[in-house]
Each structure stands twice: as C-alpha cells, then as structure tokens.
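Residues per chain, in single letters:
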Amino acid sequence: MPKKAESIKVVFRVRPLNSKEKQHGRKIATIAHEDKGVIELRNSSPEGEGEVSKTFTFDAVFSEKSSQRHIYDVCAAPVVQSVLEGYNGTVFAYGQTGAGKTHTMEGVNEPSTLRGIIPNTFEHIFDHIALNDKPNGSKDKYLVRASYFEIYNEEIRDLLSQTPQNSLELKESPDSGIYVKGLTSTVVKSVAEIDDVLQKGKKNRSVGATLMNAGSSRSHSIFSIVVECCSSDGLNEHIRVGKLNLVDLAGSERQSKTGATGERLKEATKINLSLSALGNVISALVDGKSNHIPYRDSKLTRILQDSLGGNTKTVMCANAGPADYNYDESLSTLRYANRAKNIKNRPVINEDPKDAMLREYQEEIARLKECLSQMPSSSSAAVAVTDTDRETIVEECRSKASRESEDLIAKTEAEMEKLKLNHHQTTEEHAALQVRLEDETKARMETENERMELGKQLVEMEKQLMTGGEIANTAAKQEAALRKANQELVAKRESELALTRKMNEQEEEKLHLQEEYSSLADEAASKTRKLKKLYSKYQQAKAEVKDLEHEFLDEKSVILDSIRDLTKQLKLKDFVISNFIPPRYALLYDDVENGGRAVWDESTETWKIPPLLHQGVRTRGLHRPETDYARRRKPVDPNPRYHTDDIVVLPLAMPPRSTPNSDDANTIHKITSILEMDLNNPLKELPSNKSGRTKHREHQLFSVNDGTKSKSRRNKSKRTRPTTAY
C-alpha cells in the first residue's frame, strides 16, 4: 500500500579548515549550529561589510566536531533499516569539489572511527541478518547482491568489470524501472566480501588532481546493494526486496579556482552539466507548476528518477567548506539543498516481485532436490538432504559411487569367469553378454556421476543463501543493541529539534498578534523589539533578493555564452552543408516529418540516420556499386568519381635534374675508390677518439673538390654536408 507523501531528508555538513586554508590564514564563514539545526553564512569580504548573516534550516546539521558514526546514525541508518524492510533507499552526497563528499561516503578503513556511510552500511546490513531470529523459531533467508558503477563524461562504466573502460547502456522496463544493461552483480555473504567489492571498484574509479583537491573525483559513483528477504509464517512465504543506492557525486567546479585544463576541463564541464540538470529537476519538482520533469537531460537524473519524486526514501547530505573564499560556492550549495527539502516522495514496500532472485534460487534448490529423489538408487536407503549432512553430501556420494563401482567390477569379473567356463555357450553369446554387461556398468557409472553433480549443485546453491540468526555472536549483538540505542537517541533529538522550531515559529506569529500593555513605555519597548526583528528580516530578504539577482545574471551569462557557442557550431555546419552537399541530398538529413531520414532513438537519446541503399550493379571485388553510366564514362573521362575505388590516379611530376654527367676518367676513378672504401669500411665501424681524427677522416671521404685542397682543418668544429663539383 502506498504511504502518504514524505519530504526528502536534507542534512548539511561543514568540514574543518584544511592545512592549506590554515596556512593562508583563511577565516571561517560557514558555521553549523547543531543544537538549532541551522547553518549560518557570513560574508567577510569588503563588499559584504555590514551585511546580515544568512541562515538556513535543515533536518540536521553537523559541524567539524561531528564523528563519522554520529553522521551515519542520524542520516543513513534509518534509510538502511527501511531497505531491510523492503523499501528502496538512496543516500547521496552533494557539494563543491573538495568539500568532503567522498570522506563522508567512504572515509578511511583505519581507524574504524573514520569509516564513512558505505562501510557502516555493510556492518548494519549483516548485523541485522545475523541477529534476525524470530520468537516463533522461524528464520528469514537473505540474498545480498552488490554492484558498483560510475558516470564519467556521460558514459556509464562498470567498475567491477574486467574492461571498466567500456560504456554501458541505460535501459527502462515496466517491471524493474531504470537499470543498466550488462552491469556486474556480485552475491556477497559477509562484510569482508562486500568490502572487497568496494575496494575492487575504487581501483577503477576515475580520479584526478586539481588545485583544490589532490584526489578529486572525476565521475559520479553509485554503489548499489539489493537485499532480498524470504520470511515464512508457517503456511506461506513472503518475499520482499529492498534496493539501496549510495551515491558519491562529483563536485561542482570553477575553472578559475581548480586550474583545470585539457582533459580535466572537459571532465569539469560534463560534471557541471549533469549537476545543472539535477538542479533543474529539483526546481521543477519544487515548483509544482511544471508539467514536465527533465529527467532525461542527463544519465544521472535518469538513474535518480525514483529517488527524486518517486517511491524511494531519500537522504541528501550536502557538504561545504568553512573558508571565506568559498562563500559563493557555499551559498549556492545551501540554496540547492534548501530547495531539495520541499521534494515529496511516496515510498512503498517491494513485496513479492516477479523477478526476485531469491525466489529463483529457492525454485532451483527445490528442483535439484526433486531430481535427486526421483533418481534410481542401487541401495534401499533413500537420498535425503538435511541441514546436518549438507556439507558432507559430496563425500558421501563419492564413497558410495566408489563402493558400487568396485562391486560392479567384481560382479562383472565373476560373470566373465563363469561364461568362460561354460563350454555349452557359443562365442557369439559370450560376446553379446559381455557387451550387455559393459553397457550396464557404463549406465550405472553415468547415473552415479549425475547424482554427484546434482549434489554439488545443491550444496553450491544453498551456500549462496544466508539464514538469519545462525551467524550471530556476542560482539554483533552488542553492536546491534548499541545501534538501536543510538537510533532512539537520535529520534529523541530530532523530536526536540522539531519542538524548538515550532516554538520559534509560534514566537514569530506572536509578532502579528495584538497585545495589551500596562503603560505607554512598555508598549513602545515591545513595538521597538518587534520593529527590530521585522527590520532584520526585511534586510535579510532584501539581501536575498539581491543575491538571487546576481546569481540569475551569472546563470544568464553562462547560458548566453553556451547559446553563442552552439549558434557558431550550427552556422558552421549549415555553411558546410549548403556549400558541399546538394540541397536534394541535404534534405535527407532532416527529420522524418519534414521529409528527411533522421530518426530519434529513445534508448540512446541521439538522432540516427539509416544508411543509404545504393542502386546499381554490384560487381564482385569492387569497393562500391558501379552504374552503367560510370562504366561508359570511365574509359574516356579521368574524373575519379567514375572509378570504383577512392584512389586518384595523377601523373607523376618528375623534378628537373640538377647534376650533369661526367666523362672524366680521373673523376670517375676518385668516386669509385671512395665508394669502395666506404662500402668496405662503414662509418659506424670507424674508431672514434677525442682528437677528432674520425671527423677528419669522414671529411676526407666525403669531400672531393677536383684537385682543390680540402679545408677540413679550418672547419674542424663544423660538420657540413660536402658538395661534389665537376
């Protein structure tokens, strides 16, 4: 049953000053008031002198003193628990580059207190499975799968694939919604296994260095976890599936600060475009007046379609740096997150899906058990697979097969000896009996081999499933109890914070109520306080309007620049088409509705033009079809358009000769002796020394001046190509 609409939960985290900011003496401009759930932004620049601080309220805020575990308990633990109950959940980090998004999502492995949301999610899921033991004695069965991919330059890459550079396609189906075709999905059974999946994907992720971050993420990464659970009430089995997306978005960048050039600049452009598309989707959802939500503007928004305005429990963790020189970026992030608070989702439980893999595993196990039970057995004891002998079934099958094989061999040998001693049977009967015995032996061996293979498959399939309550230990129980206590404490803090906000709202409403005063002085003092509060709010609203105007102008200038660039490209292409393509052929590249051949492909979101079908007689061995007209013109017209290949035959232009012939016997003798000497003693084999004799020898070999004395001694330091004069 669909629940009522609930807003996206938005939290905000402010990281501490890094060493570079401390070295440059930067001031703190972004302050987190955790007790009030308020972020305060101060403009310390000369232009903002006297400006009132801006405040933004969120569901929770975290200062630089907040621990990684506290952040997980507040913003991610409720979503993970909902996923274990069958809901879809999404946690994504947003902010400018260098704001601490990757640290919030992943953290570091050691010490354990610095682990981020993703590693803590692993422990939460498998602790829940280990402790899931119901009072009635029934135990749920779980199947956990993990996948990891990134969006790099608007290309989807599988980080767990052997070829992570290959691009994958984004598909949509009525049953499963948006999915990535060909994405690797790994079944995991412990925290160590799923952490290995994460570490393997991190090695293939696109990371680069900029002036603001030495390990800047150059792509959006999505780590997906699918938890399938089968619970039984004694009569029926119920399957529910929950999917969790843990998204680490790449940071928005300004080229003036990051110093990005070349490939880094191209990456930053793609990142900013996808984040801009995400902002447009948020604005359209919050506006309420828009009939179209632009999910298809980028692959990121298509993947997050269910998380934004869909059926998913979503948490947005916005990150910002505290330094004053990041004032504009922090203000943009705060407004971005403040708009996202108004998005409404309708989460639903995914019960009994058609494509639940857990159901497929159970059906496969039941089929294997049925095959084992129906197979003929040589002994009277039936083959039974229970939980106690599950691990030894393969060894039993092997020993049983070996014993039966030995018995069959002994029996066959005895019968063969008996047949040899029987002189009343003919030779043909002996051969027929021998063949029949060999066939029976072979059939029995094949049956036992098939039984062993089915037993192996059964064990492997049952190993994939995890049963709740079977792998619990004392540490896991204590961890689960501590997590439950922390979640209750977080819930109490959130309720207290909500009551505080409600009280503040009621105080603001009192400003508009008529109050009675005992004297004119009290009335004047009360109205003065009200006037100061109202004037302060007016100044804040005025500054907000001014900032929005500046932001609008900046965005307008960026859009105008993009329009100018696109217009230049369009004019260039129109010029090429109009001058190099005949009009009747250029029309073919127009839309189908306008008489052209261009077709819009929904799957790839690109225009495609089917290849032209050439008319003419295709001759074997030719590169392209040849028409009758071209065949007639080819012998008389050298124009290359009538030839079947793309090679233009041109006459060879020989350069004029610059050297005369020589009939002088003396010159011919000198040249012949030089060539013979050069061939017998190549230069690479000539000895070299520091006195420069080799260079002098080379000069002698290649200098012939028709009786003129060589000037090599004066040109020792200068190696020039000599000329031969006749």
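Residues numbered from 1 in each chain as written. Predicted model: local features only at pLDDT ≥ 70, side-chain atom pairs only at ≥ 80, totals over all residues. Heavy atoms only, no water.

1. Re the packing of aromatic side chains
Right, on to step 1. Scanning the entire structure with this criterion turns up 6 aromatic pairs.
Right, on to step 2. Measuring from ring centre to ring centre gives 5.4 Å for Phe-12 and Phe-58, while their planes differ by 20°; the resulting arrangement is stacked. With a gap of 46 residues between them, Phe-12 in strand 2 (residues 9-14) and Phe-58 in the loop between strand 5 (54-57) and strand 6 (60-62) connect regions that are remote in the sequence. By the burial criterion, Phe-12 is buried, and Phe-58 matches it. (Phe/Tyr/Trp six-rings, centres within 6.5 Å; stacked < 30°, edge-to-face > 60°. Helix = DSSP H or I, 4+ residues; strand = E, 2+ residues; numbered from the N terminus. Buried < 20%, exposed > 50% of the residue type's maximum accessible area, 1.4 Å probe, protein only.)

2. Quick notes on empty space enclosed by the protein
Right, on to step 1. With the rule as written, the count across this model stands at 3 cavities of 30 Å³ or more.
Right, on to step 2. Quantified by volume, the largest cavity comes out at close to 60 Å³.
Right, on to step 3. If you trace the largest cavity, you find it lined by Ile-151, Tyr-152, Asn-153, Glu-154, Arg-218, Ser-219, His-220, Glu-267, Lys-270, Ile-271 and Ser-274.
Right, on to step 4. Those elements that place two or more of their residues in the lining of the largest cavity are strand 8 (141-152) and helix 7 (263-287).
Right, on to step 5. When residues of the lining of the largest cavity are assigned to their parent elements, the largest contribution, 4 residues, is made by helix 7. (1 Å grid on protein atoms, 1.4 Å probe; cavity = no way out; pocket = protein on both sides within 12 Å on 5 of 7 lines; lining within 4 Å. Points joined across faces, edges and corners; volume = space filled by probe spheres on them.)

3. Considerations on the pairing of strand 18 (residues 312-320)
Right, on to step 1. Of all 9 residues that make up strand 18, 9 are buried, and the element is covered over most of its length.
Right, on to step 2. The pairing of strand 2 with strand 18 spans 6 bridges and is classified as parallel. Counterpart to Lys-9 in the pairing with strand 18 is Val-315. (Pairing = 2+ DSSP bridges.)

4. Points about the packing of helix 4 (residues 117-130) against helix 5 (residues 191-203)
Right, on to step 1. Contact geometry for helix 4 and helix 5: axes closest at 10 Å, N-to-C directions at 150°. When the interaxial angle is binned, helix 4 and helix 5 end up roughly antiparallel. Helix 5 is crossed by helix 4, and the crossing has right-handed handedness. In contact with Ile-118, Phe-122, Glu-123 and Phe-126 of helix 4, helix 5 contributes Val-191, Ile-194, Asp-195 and Leu-198.
Right, on to step 2. Tallied by class, residues from the contact of helix 4 with helix 5 come to 6 nonpolar, no polar and 2 charged. (Axes fitted to C-alpha atoms, helices over the stretch in contact; angles between N-to-C directions. Parallel < 35°, antiparallel > 145°, perpendicular 65-115°, else oblique. Left-handed = near helix turned anticlockwise from the far one by under 90°. Contact = heavy atoms within 4.5 Å. Nonpolar A, V, L, I, M, F, W, Y, C, P; charged D, E, K, R; others polar.)

5. Here's the deal with the sheet that holds strand 4 (residues 38-41)
Right, on to step 1. Strand order in the open sheet formed by 3 strands is 3-4-5, and the pairing between neighbours is antiparallel. Strand pairing shows two members of the sheet lacking a second neighbour, strand 3 (30-33) and strand 5, which therefore form its edges. When the angles between neighbouring strand axes are averaged without regard to direction, this sheet yields 20°.
Right, on to step 2. In this structure, strand 4 lies alongside strand 5, joined through 4 bridges in antiparallel fashion. The residue of strand 5 that forms the bridge with Glu-40 is Thr-55.

6. Thoughts on the packing of helix 9 (residues 327-340) against helix 14 (residues 520-580)
Right, on to step 1. As a packed pair, helix 9 and helix 14 sit with axes 13 Å apart at the nearest point and diverge in direction by 100°. It follows that helix 9 is roughly perpendicular to helix 14 by the angle criterion. Here Tyr-327, Leu-331 and Arg-335 of helix 9 lie close against helix 14, whose contacting residues are Glu-544, Asp-547, Leu-548 and Glu-551.
Right, on to step 2. Its residues placed into classes, the contact of helix 9 with helix 14 shows 3 nonpolar, no polar and 4 charged.

7. Here we look at helix 7
Right, on to step 1. The end-to-end C-alpha distance of helix 7, which contains 25 residues, comes to 36 Å, matching closely the 36 Å that a straight helix rising 1.5 Å per residue would cover.
Right, on to step 2. Glu-267, Ala-268, Ile-271, Ser-274, Leu-275, Ala-277, Leu-278, Gly-279, Val-281, Ile-282 and Ala-284 are the residues of helix 7 that are buried.
Right, on to step 3. Next to the buried residues of helix 7 lie strand 7 (88-95), strand 8, strand 15 (216-217), strand 16 (220-232), helix 8 (299-303) and helix 9.
Right, on to step 4. Two residues or fewer past helix 7, Gly-288 is found with a positive phi of approximately 80°. (Expected span 1.5 Å × (residues − 1).)

8. Regarding a nonpolar patch on the surface
Right, on to step 1. A surface patch of nonpolar side chains, about 450 Å² in accessible area, is lined by Leu-572, Phe-575, Val-576 and Phe-580.
Right, on to step 2. Relative to the helices and strands, Val-576 is located in helix 14. (Patch = residues over 30% accessible without salt bridge, like charges linked within 9 Å, V, L, I, M, F, W, Y side chains within 5 Å. Areas by Shrake-Rupley, 256 points an atom, 1.4 Å probe, with all protein chains shown as cover. Salt bridge = Lys/Arg side-chain N within 4 Å of Asp/Glu carboxyl O.)

9. Section: the nonpolar core
Right, on to step 1. In this structure, Phe-12, Ile-39, Phe-58, Ile-156, Leu-249, Leu-278 and Met-316 are the most contacted members of the largest nonpolar core, which totals 43 residues.
Right, on to step 2. For this core, the leading source of residues is helix 9, giving 6 residues.
Right, on to step 3. Not counting the four nearest positions on each side in its chain, Ile-156 is found in contact with Phe-149, Glu-150, Ile-151, Asn-166, Ser-167, Leu-168, Leu-170, Val-180, Lys-299 and Ile-303.
Right, on to step 4. Residues Ile-71, Ala-93, Ile-129 and Cys-229 belong to the second largest nonpolar core, which totals 41 residues. (Core = buried A, V, L, I, M, F, W, Y, C linked by side-chain atoms within 4.5 Å.)

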